[in-house]
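Analysis of the macromolecular model
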Amino acid sequence: MPEVQPYIREFDAHIRANDPQISNERLEFLQKSEFKSWFKQKVEHDVNYELFKHLIDGPVCNIFSFQGGLVRADATPTCDQVFGTRSGDTCFSIAQSFGLTTAEFDSINPNLNCAALFVGQWLCVEGSA
């Protein structure tokens, strides 16, 4: 969801300010392990926009993969782990690297437009539909 990208950059800047020598691998790990709680605190204390209130629990698949279509409420998947896309990633390569079939990947990322992936997009890589 593009609205969250500035916060990911802000989180990265905050981490780099505290540890200027941090490796990209460590930063990626911290994004996966700490961004959710940092973002929750940010939304609770700093953001007054109702648009972000539904993201209070951090990135979840059915929000980040939603591209303006409708998803049946009874078909909403759960997501247990997310992955931020990098340059050159494709839906197929991400599914392969996490041991998912394309059908499994598609089922936990409904309405995802694989032809329009962007760097930093959060995708579900573990969950159930």
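Everything that follows concerns the structure shown earlier in this document.
In this report, we go over the structure that sits alongside the text. (Residues numbered from 1 in each chain as written. Predicted model: local features only at pLDDT ≥ 70, side-chain atom pairs only at ≥ 80, totals over all residues. Heavy atoms only, no water.)

1. Describing the overall build of the protein
The cut-off we apply is this: Numbering of helices and strands starts at the N terminus; helices are DSSP runs of H or I of at least 4 residues and strands are runs of E of at least 2. Only protein chains enter the accessibility calculation, which uses a 1.4 Å probe; a residue whose area is less than 20% of its type maximum is buried, one above 50% is exposed, and one in between is partly exposed. Note on contacts: a residue pair is in contact if any heavy atoms of the two residues lie within 4.5 Å. A 1.4 Å probe and the Shrake-Rupley method give the accessible areas. Residues count as covered only by the protein chains that appear here.
Along the protein, the regular secondary structure elements total six helices and two strands. Each helix and strand of the protein, placed in order from N terminus to C terminus, yields the pattern α-α-α-α-β-α-α-β. Per-residue burial over the protein gives 36% buried out of 129 residues. Contacts in the protein between residues at least 24 apart in sequence constitute 61% of all its contacts with a sequence separation of at least 6. Within the structure as shown, the protein displays about 7700 Å² of accessible surface, and the carbon and sulfur contribution to it stands at 51%.

2. Some details on the nonpolar core
Applicable threshold: To define a nonpolar core, start from buried Ala, Val, Leu, Ile, Met, Phe, Trp, Tyr and Cys residues and group those joined through side-chain atoms within 4.5 Å.
With 13 residues, the main nonpolar core has Phe11, Ile15, Phe35, Trp38 and Phe39 as its most contacted residues. Broken down by secondary-structure element, the contributors of at least two residues to this core are α1 (5-18) and α2 (24-46). Setting aside its immediate chain neighbours within four residues, Phe11 contacts Leu30, Gln31, Glu34, Phe35 and Trp38. Counting 11 residues, the second-largest nonpolar core is a separate cluster that includes Phe83, Phe105, Leu112 and Cys124.

3. Considerations on the state of the cysteines
The following threshold applies: Disulfide assignment relies on a single distance test, namely cysteine sulfur atoms paired within 2.5 Å.
The final tally for this structure, using the stated rule, is two disulfides. Two residues share a disulfide in this structure: Cys79 and Cys124, whose sulfurs sit 2.4 Å from each other. Here the S-S torsion is close to 115 degrees, and the disulfide linking Cys79 with Cys124 is therefore right-handed. Separated by 45 residues along the polypeptide, Cys79 in strand β1 (residues 78-84) and Cys124 in strand β2 (residues 122-128) bring together distant segments of the chain. The partly exposed category is assigned to Cys79, whose relative accessible area is 23%. Owing to a relative accessible area of 0%, Cys124 belongs among the buried residues under this scheme.

4. Overview of the pattern of salt bridges
If the charged atoms of two oppositely charged side chains come close together, the side chains can form a pair. The following threshold applies: Only one rule defines a salt bridge in this text: a Lys or Arg side-chain nitrogen within 4 Å of an Asp or Glu carboxyl oxygen.
Taken as a whole and judged by the stated rule, the model has two salt bridges. The residue Lys32 makes a salt bridge to Glu28 at a minimum N-O spacing of 3.3 Å. Remark: Glu28 and Lys32 occur in helix α2; sequence separation between them is four residues, near one turn of the helix. Glu28 serves as the salt-bridge partner of Arg86, at 3.6 Å between the closest nitrogen and oxygen. Pair noted here: Arg86 is in the loop between β1 and α5 (91-97) and Glu28 is in helix α2, with a separation of 58 residues, a long-range link. In this structure, a network of salt bridges that share partners links the residues Glu28, Lys32 and Arg86.

5. What to know about α1
The cut-off we apply is this: Multiply 1.5 Å by the residue count of a helix minus one, and that product is the helix's expected span. Read the arc as the range of directions from the helix axis to the C-beta atoms.
If you check α1, its first and last C-alpha atoms are 20 Å apart, about what 14 residues at 1.5 Å a residue would give, namely 20 Å. Every buried residue of α1 is listed here: Gln5, Tyr7, Ile8, Phe11, Asp12 and Ile15. Taken end-on, α1 shows its buried residues confined to a sector of 165 degrees, consistent with a single buried face. Exposed residues on α1 whose side chains face more than 90 degrees from its buried face are Arg9 and Ala17.

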